[in-house]
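Structural overview
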Amino acid sequence: MALNKHQVSYVHKNSFETLNELNEETKNVWFVFHGMGYLSRYFLKHFKNLNPKENFIICPQAPSKYYLKDDFKHVGASWLTKEDTTQETENLLSYLDAVYDSIKMPSNINLILFGFSQGVSIAMRWMIFKQINCSKLVLYAGGIPNEIDTKQVEFIDAKKTRITFIYGNTDKYLNETRLKFEREKIELLFGENAEIIDFEGGHEIRPELLKNLLN
């Protein structure tokens, strides 16, 4: 029996969610990438305490949806798996470009890229692919993709981009070995341009930390 793999191209649509309005009072535009198991509309709730006049939040939606439990009531989503990762990454990057292009981005705002958990890898890959010099890059409780090296981040202007790595000291996904690896990778890629913040807690987003990112 001959088993052959084929590819086709087709038009695919996907949604994204926003919080607040983009207008002349907006100071910060956030691109936030949720973790595994989220839908974008629920992830945005973490940002509801930010000043709505000054902060416009864009939350792309991971495309691979699935039921979270056997009762088939609650739906979550995933960005990538180890299956067809290269092809799926290309699809994701095209989708994120389309989201970005659909927003009429003012030139005088602070652009913040924020990744949580699995969303860290997506934020990093898109930033590098599009060569985005954002105001802030926030890597929250997630890992940097292994394929990213120092040459790929040379475009980042250390004078313009503030980089922050945040994690909880009881995060079950960041054991001592994994945390050591991630800290070493951050040091290698960003050197003194990266700030590392830890807090008392697990794999969770703390609203007070989000506000502090704007200081």
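Since we're looking at a predicted model, the values are computed, not measured.

Reading guide: rules and limits
- Numbering of residues begins from 1 in every chain and follows the order in which that chain's sequence is written.
- With the structure being a predicted model, the display of local features is reserved for residues of pLDDT at least 70 and the display and counting of side-chain atom pairs for 80 or more, all residues being used for whole-chain, interface and lining totals.
- The basis for every side-chain value is the complete set of non-hydrogen atoms in the structure, without hydrogens or water.
- Secondary structure elements follow DSSP: runs of H or I no shorter than four residues count as helices, runs of E no shorter than two count as strands, and numbering proceeds from the N terminus.
- For every residue, the accessible area obtained with a 1.4 Å probe (protein chains only) is divided by the maximum for its type, and the residue is called buried under 20%, exposed over 50%, and partly exposed between those limits.
- Only four residue types enter the tally: Lys and Arg on the positive side, Asp and Glu on the negative side; His and the chain ends are excluded.
- When a carboxyl oxygen of Asp or Glu lies within 4 Å of a side-chain nitrogen of Lys or Arg, that pair is called a salt bridge.
- The contact definition used throughout considers only heavy atoms, calling two residues in contact when any of these lie within 4.5 Å.
- The term nonpolar core refers to a set of buried residues drawn from Ala, Val, Leu, Ile, Met, Phe, Trp, Tyr and Cys, joined through side-chain atoms within 4.5 Å.
- A helix is expected to reach a length of 1.5 Å times the quantity of its residues less one.
- By convention, a stacked pair of Phe, Tyr or Trp rings (six-membered ring in the case of Trp) has centres within 6.5 Å and planes under 30 degrees apart, an edge-to-face pair has planes over 60 apart, and any other such pair is tilted.

1. Remarks on the side chain of Lys 136
Relative to the helices and strands, Lys 136 is located in strand S7 (residues 136-140). Look at Lys 136: it is buried, it has no salt bridge, and the nearest opposite charge is Glu 195 at 9.7 Å. Contacts of Lys 136, omitting those with residues within four sequence positions, involve Leu 111, Ile 112, Leu 113, Arg 162, Leu 213 and Leu 214.

2. Some details on the pattern of salt bridges
Tallied over the full model, the rule gives 9 salt bridges. Arg 125 serves as the salt-bridge partner of Glu 147, at 2.8 Å between the closest nitrogen and oxygen. Here the residue Glu 147 occupies a position in the loop between S7 and strand S8 (162-168), and Arg 125 occupies one in helix H3 (residues 118-130), the gap between them amounting to 22 residues. Classification of Glu 147 by relative accessible area gives partly exposed; the value is 45%. According to the relative accessible area criterion, Arg 125 is buried, its value standing at 18%. Put simply, Glu 204 and Arg 206 hold a salt bridge, and the shortest N to O gap is 3.3 Å. A relative accessible area of 31% means that Glu 204 is categorised as partly exposed.

3. Notes on the environment of Gly 142
Within the secondary structure, Gly 142 is located in the loop between S7 and S8. Assessed through its relative accessible area of 5%, Gly 142 is described here as buried. Apart from residues lying up to four places away in sequence, Gly 142 is in contact with Ser 117, Val 120, Phe 165, Arg 178 and Glu 182.

4. Examining the nonpolar core
Of all hydrophobic cores here, the largest spans 44 residues; its most connected members are Met 124, Leu 137 and Phe 190. Taken together, the elements giving at least two residues each to this core come down to strand S2 (28-33), strand S3 (55-60), helix H2 (85-102), strand S6 (110-116), H3, S7, S8 and helix H4 (176-190). Per-element accounting of this core gives the leading share, 7 residues, to H3. Every residue in contact with Phe 190, bar those within four places of it in the chain, is listed here: Met 124, Leu 137, Leu 139, Ile 144, Val 153, Ile 156 and Ile 163. The next biggest cluster of nonpolar side chains, apart from the first, holds 20 residues, and it includes Phe 47, Val 138, Ile 205 and Leu 213.

5. Side note on H2
The terminal C-alpha atoms of H2 lie 26 Å apart, and with 18 residues this matches the ideal 26 Å at 1.5 Å per residue to within 8%. For H2, every residue scored as buried is listed here: Thr 89, Leu 92, Leu 93, Tyr 95, Leu 96, Asp 97 and Val 99. Contact partners of the buried residues in H2: strand S1 (16-19), S2, S3 and H3.

6. Some words on the packing of aromatic side chains
Note on aromatic pairs: each is described by the distance of the centres and the angle between the planes. One pass over the full model with this rule turns up 17 aromatic pairs. For the pair Trp 30 and Phe 114, a centre-to-centre distance of 6.3 Å together with 55° between the ring planes defines the contact as tilted. Within this pair, whereas Trp 30 is found in strand S2, its partner Phe 114 is found in strand S6, the two being separated by 84 residues in sequence. For the pair Trp 30 and Phe 114, a shared accessibility class is recorded, and that class is buried.

So yeah, pure geometry; function would need other evidence.
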